[in-house]
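# Topology and contacts: notes
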Amino acid sequence: MFEVLYKLKWFFKAYWKRYLIAVGLLMIANIAEVVPPWIIGIAIDDIALGNMTPDSLREYLIWLGLIILFGYIINFTWQYQLFGGALSLERIFRKKLMHHFLKMTPTFYEKNRTGDLMARATNDLNAVSLTAGFGIMTLLDSTIYMGAIIIAMGFLISWKLTILSMLPIPIMAVLMQYFGKIVHERYTKAQDVFGELNDSVLESVAGVRVIRAYVQEKKDEKRFADMSEDVYEKNIQVAKINALFGPITKVGTGISYVMALGYGALLVSNGDMTVGQLVAFNVYLGLAVWPMMAIGEMINVMQQGNASLDRVQETLDYEQDVKNPNNPVHVESPISIGFNRFSFQYPMSQIKNLHNISILVKRGETLGIVGKTGSGKTTFIKQFLKEYPVEEGQLTIDCVDITSLSKDELLEWIGYVPQDHVLFSRTIRENILFGKSDATQEEIDEAVRLAYFEKDLKNLPLGLETLVGEKGISLSGGQKQRVSIARAMIKNPEILILDDSLSAVDAKTEANIIENISRVRNGKTTIITTHRLSAVQHADQILVLDEGKVIEQGTHEELLQTEGWYKEQYDRQQLEEVSSDEY
Amino acid sequence: MSTSRRLYQYAMYFKKPIFIGLVLLTLAVFTDLAGPFIAKHIIDHYMLPGLLKLQPIINLLIVFLVLAIATAVLRYFMFVFLQIGANRVIQKLRKDVFGHIQTLSIDYFDNLPAGKIVARVTNDTEAIHNLYVQVLSQFVTSFISILGVYIALFILNIKMALVALIVIPVIYIWMLAYRKYASQFNHVVRTKIADINAMINESIQGMTIIQAFKREKQMKDEFAEMNNEHYEYQRKLLFLDSATSFNLVSVLRLLFFVIFIWYFGTQSMTTTESITAGTLYAFVDYSTRLFGPIVNIVNQFSQLERSLVAASRVFELLDSKGETVSEVSIPRYEGNVVFDNVSFAYKEDEYVLKNINFTAKKGETIALVGHTGSGKSSIMNLIFRFYDPQKGKILIDGKNILSIPRQSFREHMGIVLQDPYLFTGTIETNVSLRDPKISRETVEKALMAVGGDRVLKNLKKGLDEPVIEKGSTLSSGQRQLISFARALAFDPAILILDEATSNIDTETEEIIQHAMEVLKKGRTTFIIAHRLSTIKNADQILVLDKGEIVERGTHEELIALGGQYETMYRLQAGAFN
């Protein structure tokens, strides 16, 4: 249970000053707490026996007043420092998680659902930071504070009385430990179900158009109702055990009071103790209630914190699937790209997605990749992004294996336009600048022009400053693709990769864009995958993929001669396109 | 109506368990508060120096213990009943919110990020959950306890009890002051955390791009800014809490004792009125029991704050205008569609469709052609009543669709979207959407018709192959095929295809085209695409430009017309050379 504190020792070490002050002052405060009851006890004796004098009264009042004042300042300080520490921890962990996510590749994201990752970045994070503040406080309260009270009771009043009335404590502690574990198990189950509910709602919201188009609203509601019933059940299971903590405390303290009164009566009638002392003892018992409950709270917080820390740490410990080489080889600029008997399989796939591919692309060449749906075109492209480890064969740049190149250098050369267009919740300008953050206005305009987006931009009320993405307007598929192209073009990359990036624009626009690209990219390498053969007509080399294998290879003319799949497609597509854009 | 009142209303839906809980609570408070009276009795009557009457003391102590155990048992059941009530209330609230979402118009979803909507249904309701479960039960428990204590104090000594009453207005004023500042800080904190979470979510979705363009540092910087601001405001809130809350209550408690000592001290020196030790004991005991609950209440302030803010957001959602989801089933219509002088704008006065007029007869195929932004998707949105036009009418089989509940006529419509959306489940559930009307056979047939054997060939479990989060492990083309099979399985009278065939290779597309031919029979089909082969065979082609129909007719008629369409076609044929 306390392992969570041990696991966080790096944090406590870094903030040792803050925690020293907090813990120190908390201890002082806890100890100071036991003084007032003692004073009250003495005062009561004076009152009851009629011994009160103005002087002694004044003394009592002054002491109490001082304690109030200093108590306030001390309490403020340790609270601020201690809980401030918890806030710091939260901030640090959140940063760590974010930074870690930025390093992760698709394999990680396939194994971890977004909803679950978000839960770790929110709920679990909160549980962990709770231990660094509230957790420590309850720890100290249930130990130091408790200790101070017990010592006060023993020294100032009577040890025998103290021991007798404290007997229930250890029993209560054991019971709370036991039930604490059960609560934790049930609580985790409740959290899991809640997480599932969350994921389910996210899907319903994201897929609202489909749900409505197929009139599935009522059924969706029913599914939700069933899930929420499950959530209810699990929560009640937790509640049934949680409900025990209060009563256990009550019975325990009840027994303590009985002991105090019973034995106390004996002592008072023997003259071993005054009534004032009994009153003081009673106040101490009252004070001891919180530390006793704090034990239960502490157990809860520590256990939940521990479980959450494990989950967060598990995510943080996930090692990069593709690591950078220790001594990367430096390549000045990619003169050639080579695939040598390259094969690849996705981690979750049952079959090989790329088989034995061998090809050489020289700088300045345009490579076209075509093939049926699922033939491996995108898989082929993705190899350049170094998102997966290389298993069989080699992918070399200038005869240097890609595994020896640093990802940083590799990506520096690459301008990537994905198949599934991704734009972020920011202005179009900011989305384009993603490709080159220090681009000039001219460069932006040029990129927009090359991507054939000028006209669309003029039709948008705020032009480049238009907000897109989740918070902004919805661009059409073709518009998103062209912004993505502008984003890659502005980088003027050594290797431009277009992964079926022109599928949502018509053939004429596509032809224009391709022409623009080839004009400005003289001497630079371009790789295009597409369904439309017209896009790769002029490529220096064309690969035809089928089920991850290269079945045809050559220039457009050569492939027409081959009379295979390529020629078949070509014939079909010849007459199929209608341009629906400006001319 | 204020948020608090509405929360109260919701609580009333489950008043039985809550009421039982409260009754048990009250009983528990009284059994608990009887304790000090018993102690007082023992001290005053049986605890005199030199005199020890054992038997009465033991009897009284047994009563004391029994009462304590009774309190414990009552407390247990009180807690459970209150939890049952609270959890049921939250469940109902959640179901209401989720149900209400189904009635909201599409533009609500288009204008708000998915994450924010989900937060209302789950996270915000969870904050309200805490409100009922924690805050309210503490408030009520404490309140009744305090009431009991005051009653006891009044019985003991009226003058001191009156002094003790001053505590109440002090706490109340403090609560108001705290809420004023705390709510400001809280607002920033909650907004920031929502933004942070939205950013994390978006980054995860777009991670490939972020990494491909090496924008990690930029993301880190932006994130740091939000993270730090969130932290700053949390610290401000903490400052406020440390200065008030528990700290201040402590001060109050000790002040109270100061007054207590001063009062009884001077009393004992000036008057002959003697106060028994037992009374003093009881007084101190009750005072302690007074401040315990007060501390509990004060501790709940910040949670109360958060929960009320969350509640107001949830109620805002519930209040937004929705349209009841109709369960009325109408018989399958023929599928004659008429657009009568329809004009439509998403944003006020920015018309994306102007005076659209056309008639589509049952079973006809209408092709919508035009550059991006010409209004094709908007026409589709209108047919589906995802949006309604500002001017003009849309008729199906002569009936204005505004007069038919949306769900009723959508039952006989099918759609294949530009961005195919897949749900977590299996391939089968994605085609059938778990609708009991669609059998497994229908799913199999539909998949075959669209060339689905391709999709299934490489998947071990075939139809039962699990689909995870949005279908990320399937290729773009595979997702489209499934989405297509879905449309077929539901056998619609009106079918709409929105640029769906643009991400599939020509060969697969040809297979779909063939299936389309079979499917199109007896169905009115609207196609928005760029492929000529689809358009060529259409019964009617509508050429759109900037929201208006500029040309219409069959392929041959339009070629003969020699207008925009003819030019486009001619240029296209030249694109290959």
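The numbers attached to residues start from 1 for each chain and follow its sequence in the written order. Each chain is given a letter, starting from A, and each ligand a number, starting from 1, according to the order in which they appear as written. The model is predicted, so local features are restricted to residues of pLDDT at least 70 and side-chain atom pairs to those at 80 or more, both for listing and for counting; the totals for chains, interfaces and linings are taken over all residues. In computing side-chain properties, one takes all heavy atoms of the structure into account and sets aside hydrogens as well as water.

### Regarding the confidence of the model for chain A
Confidence of the predictor at the level of single residues is captured by pLDDT, which takes values from 0 to 100. This prediction gives chain A a mean pLDDT of 86; 98% of its residues lie at or above 70. Contacts are assigned to residue pairs with any non-hydrogen atoms lying within 4.5 Å of each other. Contacts from residues 578–583 of chain A, a stretch scored under 50 in pLDDT, to residues over four places away or in other chains number 27 contacts.

### Structural notes on the interface of chain B and chain A
Taken residue by residue, the interface counts 169 residues in chain B and 165 residues in chain A. Reported buried area values correspond to the accessible surface (1.4 Å probe) lost by two parts on association, with both partners' losses combined. Taken together, the two surfaces of chain B and chain A that pack against each other cover about 15,900 Å², and 65% of this comes from carbon and sulfur. Here D32(B) makes a salt bridge to K250(A), at a shortest N to O gap of 2.5 Å. Pairs of N or O atoms within 3.5 Å make up the polar contacts considered here, provided that, within protein, one atom can donate a hydrogen while the other can accept it, and that residues adjacent in sequence are counted only when both atoms are side-chain atoms. Across the chain B-chain A interface, the total number found is 38 residue pairs in polar contact (both at pLDDT 80 or more). Here the term charged refers only to Asp, Glu, Lys and Arg, the term nonpolar to Ala, Val, Leu, Ile, Met, Phe, Trp, Tyr, Cys and Pro, and the term polar to all other amino acids, Gly among them. Split into classes, the residues belonging to the side of chain B that touches chain A amount to 83 nonpolar, 53 polar and 33 charged. In what follows, salt bridge is the name for a side-chain nitrogen of Lys or Arg lying within 4 Å of a carboxyl oxygen of Asp or Glu.

### What to know about the side chain of Q211(B)
Structurally, Q211(B) can be placed in helix 8 (residues 207–212). Only protein chains enter the accessibility calculation, which uses a 1.4 Å probe; a residue is then buried when its area is under 20% of its type maximum, exposed when over 50%, and partly exposed in between. A residue is classified by how much of its surface remains accessible, and Q211(B), at 4% relative accessible area, is buried. Every residue in contact with Q211(B), bar those within four places of it in the chain, is listed here: F101(A), L102(A), K103(A), M104(A), T105(A), K407(A), L411(A) and E216(B). Think of it this way: any DSSP run of H or I at least four residues long counts as a helix, any run of E at least two long counts as a strand, and we number them from the N terminus.

### Here we look at the packing of aromatic side chains
Under the pairing criterion, centres of Phe, Tyr and Trp rings, with the six-membered ring standing for Trp, must be within 6.5 Å; the plane angle then separates stacked pairs below 30 degrees from edge-to-face pairs above 60, leaving the rest tilted. With the rule as written, the count across this model stands at 46 aromatic pairs over all chains. Between W10(A) and F11(A), the aromatic rings sit 6.0 Å apart at their centres with planes inclined by 75°, giving edge-to-face as the arrangement. W10(A) sits in the partly exposed class, given a relative accessible area of 32%. An angle of 40° between the planes, with centres 6.1 Å apart, marks the rings of Y10(B) and F315(B) as tilted. With Y10(B) in helix 1 (residues 3–12) and F315(B) in helix 12 (residues 301–319), this pair connects stretches of sequence that are 305 residues apart. Taking the relative accessible area as the measure of exposure, Y10(B) reaches 11% and is therefore buried. Three or more aromatic residues joined by ring pairs form one cluster here, namely F256(B), F257(B), F260(B), Y263(B), F264(B), F283(B) and F291(B). The ring centre of W10(A) lies 4.2 Å from the NZ or CZ of K96(A), which sits over that ring. Charge-over-ring placement is defined geometrically: NZ (Lys) or CZ (Arg) within 6 Å of the ring centre, and within 35 degrees of the ring normal. When the ring centre of Y233(B) is taken as origin, the NZ or CZ atom of K236(B), which lies over that ring, is 4.4 Å away.

### Some remarks on the packing of helix 5 (residues 114–156) of chain B against helix 11 (residues 277–299) of chain B
Residue and element names in this part refer to chain B. Angles run from 0 to 180 degrees between N-to-C directions of axes, and those axes are lines fitted to C-alpha atoms, restricted for helices to the stretch in contact. One can describe the packing of helix 5 onto helix 11 by two numbers: an axis separation of 9 Å at closest approach and a directional angle of 160°. Between helix 5 and helix 11, the crossing angle belongs to the class labelled roughly antiparallel. At the point where helix 5 passes helix 11, the crossing takes the left-handed sense. Mapping the contact onto sequence places Q138, F139, S142, S145, I146, V149, Y150, A152, L153 and L156 in helix 5 and T279, A282, F283, Y286, R289, L290, P293, I294, N296 and I297 in helix 11. Class assignment of the residues belonging to the contact of helix 5 with helix 11 gives a composition of 14 nonpolar, five polar and one charged. If an angle is under 35 degrees, it is roughly parallel; if it is over 145, roughly antiparallel; if it lies from 65 to 115, roughly perpendicular; otherwise it is oblique. Should the near helix be turned counterclockwise from the far one by less than a right angle, the crossing is left-handed, whereas a clockwise turn marks it as right-handed.

### A short note on unusual backbone geometry
Located in the positive-phi region is Y452(A), a residue other than glycine, with phi close to 60°. Secondary-structure assignment places Y452(A) in the loop between helix 17 (441–450) and helix 18 (454–459). Owing to a relative accessible area of 28%, Y452(A) belongs among the partly exposed residues under this scheme. Backbone geometry places D397(B), a non-glycine residue, at a positive phi of 50°. Relative to the helices and strands, D397(B) is located in the loop between strand 4 (391–396) and strand 5 (399–400).

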